[in-house]
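Chain residues, written in single-letter form:
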Amino acid sequence: MNKRSFFPNLRASALAGVAVAGLLTGSIAAMAQVTGASQTTTDANGQQHESATISATTPDKKDKVVQSKDTKKELRKEKSMKPAEKPDEKLPDKVLYDKAIDATKRGHFDVARLDLQTLLNTYPDSQYQMKAKLAIGDSWYREGGTAALTQAEQEYKDFITFFPNAPEAAEAQMRVGDIYFRQMDKPDRDYAKAVHAEEEYRLMLQQFPESTLVPQAKQRLREVQEVMATREANIAAFYATHNNYPATIARYQTVVDTYPQYSHMDDVLVGLGDAYEAEARYVRSMKLPEAGKARLEKIYDDQAIAAYSKVVLEHSASPHVEDARDRLDAMNVKIPQPTPEQIAASVALENSRRQYRLQDRARLLVLHQPDVVMAARDGEPTLADPTPTIAPHVVNKIKSDFTDAMNPNTPAAGAPLAANPATTPTDNSAAATENAAPAAPAAPAAPLALTDVPAAADGAASGASATTSISGAAPTPPATSGSHIGGVEILNSGSNGTTVPANGGLKAVGPTNSTPLPEVEKAGAAPDAINDIKPGTQPAAQTGNANGKNKKPEFDKSDESDSKHKKKKGLSKLNPF
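Residues numbered from 1 in each chain as written. Predicted model: local features only at pLDDT ≥ 70, side-chain atom pairs only at ≥ 80, totals over all residues. Heavy atoms only, no water.

### Description of the overall build of the chain
Summing up its helical and strand segments, the chain has 17 helices and 6 strands in all. Evaluated residue by residue, the chain yields a buried proportion of 28% over its 577 residues. Entry remark: accessible area of the chain is about 40000 Å², with carbon and sulfur atoms responsible for 56%. (Helix = DSSP H or I, 4+ residues; strand = E, 2+ residues; numbered from the N terminus. Buried < 20%, exposed > 50% of the residue type's maximum accessible area, 1.4 Å probe, protein only. Areas by Shrake-Rupley, 256 points an atom, 1.4 Å probe, with all protein chains shown as cover.)

Written out as structure tokens, the structure reads:
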């Protein structure tokens, strides 16, 4: 089998190579910074002169700051003014501002920021305060790099805080989104920058809906969402290859709900239907009751049919609509027919997408950037993400579907149960109760009351009780022998002469033999310590010489060996015996 090439033919690959060479040459020239060098020369008189040589290159188009229509209008207005009408060109704040702008264009960003900061600190009432604040952020933005872009974001945020009603505030917010858009990586890499770019563009559309940069912000938001949707779809396809269908369904459903303008939405819906069909095939392989199995199969088949039908109805102009039709035909389902309005909407959406060009393929092949060529250029992007579908939710839904299919007569969770509990007679008068006439309706239950049981030592009569009523409730009369309160019979000393024990007839807790143990005998007193050493005497081991020093023990060289006690050298050393 021939390996599929990235380019359709040899001519296209050769043109791509030429384009790549041109892009590399242009990028190398754009990356070159403005360099300044000083040279010292000596004239005929012997005097030295220092001359500066400055080499500048054309800035990269990606680093170019996009100006709104209002800013361009003001610039054209200033150019059309007569010299007499222009503000004084010799004002110091004007001189500083012009010098900083010129330094920014030449690539001297540090010099430009120094002049602008001097303008802000020295002339707080200058008319160039707002422009200088914005120019500082532009200098960081054009310098590029991670640290410079982070500083540019902070400057733009400060500008929006200080001048929220200025027309340039929308430009500042737009450039904050562009900062993260420039740092976006491919969908299979870190997507933190894409998330931040999506948040900043949404914030720009919500805070400045009347700005002239709204169409550009919407298009950038569509491109960011194209990258986010591609990431979710790729993860879902990965889970599908590993037969993890709950995770596949969760990822595909999130794409359907959150990114409706995704360029491969037809593939996503077909994959979602295939995941539900895989669940249905798994149910068919299980040994379950036929009735429950049929109900469970119908649940997954209906969800798969809904996904396939959405492709046919809402994406009739997409490339893979025939795949959805074939799957519906294989399931013996009638293929739905889209309305003219649905067909027109699908055609307009597909026509708004830009096709791949040779330069796009070369750029994606060389540069490490996400592919946003197929992003839609029509329609409203999503400004608020709905609740995402996660795999645990899908698993719980599958469990509930299985329970409902296997037990269709089981009441739903949370439904009130039938509350007529059966009464069980507890005495020997059950037969008499069955033959007796139906009792009258029971009176309303009396309010609760607290009954104080007297202690055995009290002088009250046996069986007497005191009733404490709750505030606001009717008092309950004390119970007599054999009376019933709330269905409970109270036993007291009655007419038969029996007396109820104090513990109510319950068996006492504890050992049967409760005789106390004898006391532990007290240990005898310890004998007094006797000092056998007489006063004024000292043990022999501690006895020293006359000088107060202990005498060292004798050392026998014949029995012991020690490096400190060596034998004398001589002829006797050579005697082996």
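Right, picking up where we left off after that structure.
### Observations regarding the pattern of salt bridges
Evaluation of the coordinates by the stated rule reveals 22 salt bridges. The partner of Asp 301 in a salt bridge is Arg 284, with the nearest N and O atoms 3.4 Å apart. One end of the pair, Asp 301, is in helix 12 (residues 290–314); the other, Arg 284, is in helix 11 (residues 265–284), with 17 residues separating them in the sequence. By relative accessible area, which is 15% here, Asp 301 ends up buried. Judged by relative accessible area, Arg 284 falls into the partly exposed class, the value being 36%. Each of Asp 110, Arg 113 and Glu 143 takes part in one network of salt bridges that share partners. (Salt bridge = Lys/Arg side-chain N within 4 Å of Asp/Glu carboxyl O.)

### Details of the confidence of the model for the chain
On average, residues of the chain carry a pLDDT of 75, and 63% of them reach 70 or more. Segment residues 30–59 is flagged for pLDDT under 50; beyond a separation of four residues in sequence, or across chains, it makes 36 contacts in the model. Taken as a whole, residues 412–442 scores under 50 in pLDDT and shows 2 contacts with residues more than four places along the chain or in a different chain. (pLDDT = per-residue confidence, 0-100. Contact = heavy atoms within 4.5 Å.)

### Thoughts on helix 4 (residues 109–122)
With 14 residues, helix 4 extends 20 Å between its outermost C-alpha atoms, agreeing within 8% with the 20 Å of an ideal straight helix rising 1.5 Å per residue. Turning to helix 4, its buried residues are Phe 109, Ala 112, Arg 113, Asp 115, Leu 116, Leu 119 and Leu 120. Taken around the axis of helix 4, the buried residues stretch over an arc of 160 degrees, which confines them to a single face. Structural note: helix 4 exposes Asp 110, Leu 114 and Asn 121 on the side pointing more than 90 degrees away from its buried face. Those residues of helix 4 that are buried lie in contact with helix 3 (92–106) and helix 5 (129–143). (Expected span 1.5 Å × (residues − 1). Arc of directions from axis to C-beta.)

### Concerning unusual backbone geometry
Negative phi values dominate among residues other than glycine, just as trans dominates among peptide bonds. Phi at Asn 243 is positive, roughly 60 degrees, even though this residue is not glycine. Taking the relative accessible area as the measure of exposure, Asn 243 reaches 54% and is therefore exposed.

### Points about the environment of Asp 178
Inspection of the secondary structure assignment puts Asp 178 in helix 7 (residues 168–182). As a C-alpha pair, Asp 178 and Ala 197 span 19 residues in sequence and 7.2 Å in three-dimensional space. Contact partners of Asp 178, with chain neighbours within four places excluded, come to Tyr 141, Tyr 201 and Arg 220. A distance of 2.7 Å separates a polar atom in the side chain of Asp 178 from a polar atom in the side chain of Arg 220. (Polar contact = N/O pair within 3.5 Å; in protein donor to acceptor, adjacent residues only side chain to side chain.)

### Examining the nonpolar core
Tyr 156, Tyr 201, Met 204, Val 224, Tyr 262, Met 265 and Val 268 are the most contacted members of the largest nonpolar core, which totals 62 residues. With near-sequence residues (within four places) excluded, Met 204 lies in contact with Ala 170, Gln 173, Met 174, Ser 211, Leu 213, Val 214 and Ala 217. (Core = buried A, V, L, I, M, F, W, Y, C linked by side-chain atoms within 4.5 Å.)

### As for the packing of aromatic side chains
If you walk through the whole model with that rule in mind, you get 3 aromatic pairs. When the centroid spacing of 5.1 Å and the interplanar angle of 45 degrees are considered together, the rings of Phe 159 and Phe 163 count as tilted. The ring of Phe 181 has Arg 220 lying over it, and the distance from NZ or CZ to the ring centre is 4.6 Å. Across from the ring centre of Tyr 191, 3.6 Å away, lies the NZ or CZ of Arg 231, which sits over that ring. (Phe/Tyr/Trp six-rings, centres within 6.5 Å; stacked < 30°, edge-to-face > 60°. Lys NZ or Arg CZ within 6 Å of the ring centre and 35° of its normal.)

### A look at helix 7
Counted at 1.5 Å a residue, the expected span for helix 7 with its 15 residues is 21 Å, and the 21 Å between its end C-alpha atoms agrees. Taken across its 15 residues, helix 7 has 14 buried, putting it largely inside the fold.

### Examining a nonpolar patch on the surface
Taken together, the side chains of Leu 365, Val 366 and Leu 367 present a nonpolar region at the surface, about 240 Å² in accessible area. Tracing the backbone shows Val 366 in helix 15 (residues 358–366). Take Val 366: its relative accessible area is 36%, and that puts it in the partly exposed class. (Patch = residues over 30% accessible without salt bridge, like charges linked within 9 Å, V, L, I, M, F, W, Y side chains within 5 Å.)

### Describing a negative patch on the surface
On the surface, Asp 267, Glu 322, Asp 323, Asp 326 and Asp 329 cluster together into a patch of negative charge. Overall, Asp 326 belongs to the partly exposed group, its relative accessible area being 49%. (Lys, Arg positive; Asp, Glu negative; His and termini not counted. Charge placed at Lys NZ, Arg CZ, Asp CG, Glu CD.)

### Quick word on the side chain of Ser 318
The topology assignment puts Ser 318 in the loop between helix 12 and helix 13 (321–330). For Ser 318, the contacting residues outside a window of four places in its chain are Asp 266, Val 311, Ser 346 and Glu 350.

### Some points on the packing of helix 10 (residues 245–258) against helix 16 (residues 391–406)
One can describe the packing of helix 10 onto helix 16 by two numbers: an axis separation of 8 Å at closest approach and a directional angle of 120 degrees. Taken together, the axis directions place helix 10 and helix 16 in an arrangement best described as oblique. For helix 10 against helix 16, the interelement crossing comes out right-handed. The residues of helix 16 that touch helix 10, namely those facing Pro 246, Ala 247, Ile 249 and Ala 250, are Ala 391, Val 394, Val 395 and Ile 398. Of the residues belonging to the contact of helix 10 with helix 16, the class tally is 8 nonpolar, no polar and no charged. (Axes fitted to C-alpha atoms, helices over the stretch in contact; angles between N-to-C directions. Parallel < 35°, antiparallel > 145°, perpendicular 65-115°, else oblique. Left-handed = near helix turned anticlockwise from the far one by under 90°. Nonpolar A, V, L, I, M, F, W, Y, C, P; charged D, E, K, R; others polar.)

### A closer look at the packing of helix 3 against helix 5
Between helix 3 and helix 5, whose axes approach to 11 Å, the crossing angle comes to 15 degrees. It follows from the interaxial angle that helix 3 and helix 5 lie roughly parallel. Considering only the axes of helix 3 and helix 5, their crossing is left-handed. Counting all contacts with helix 3, which are made through Tyr 97, Ile 101, Thr 104 and Lys 105, the residues of helix 5 involved are Lys 131, Ala 132, Ala 135, Ser 139 and Arg 142. Split into classes, the residues belonging to the contact of helix 3 with helix 5 amount to 4 nonpolar, 2 polar and 3 charged.

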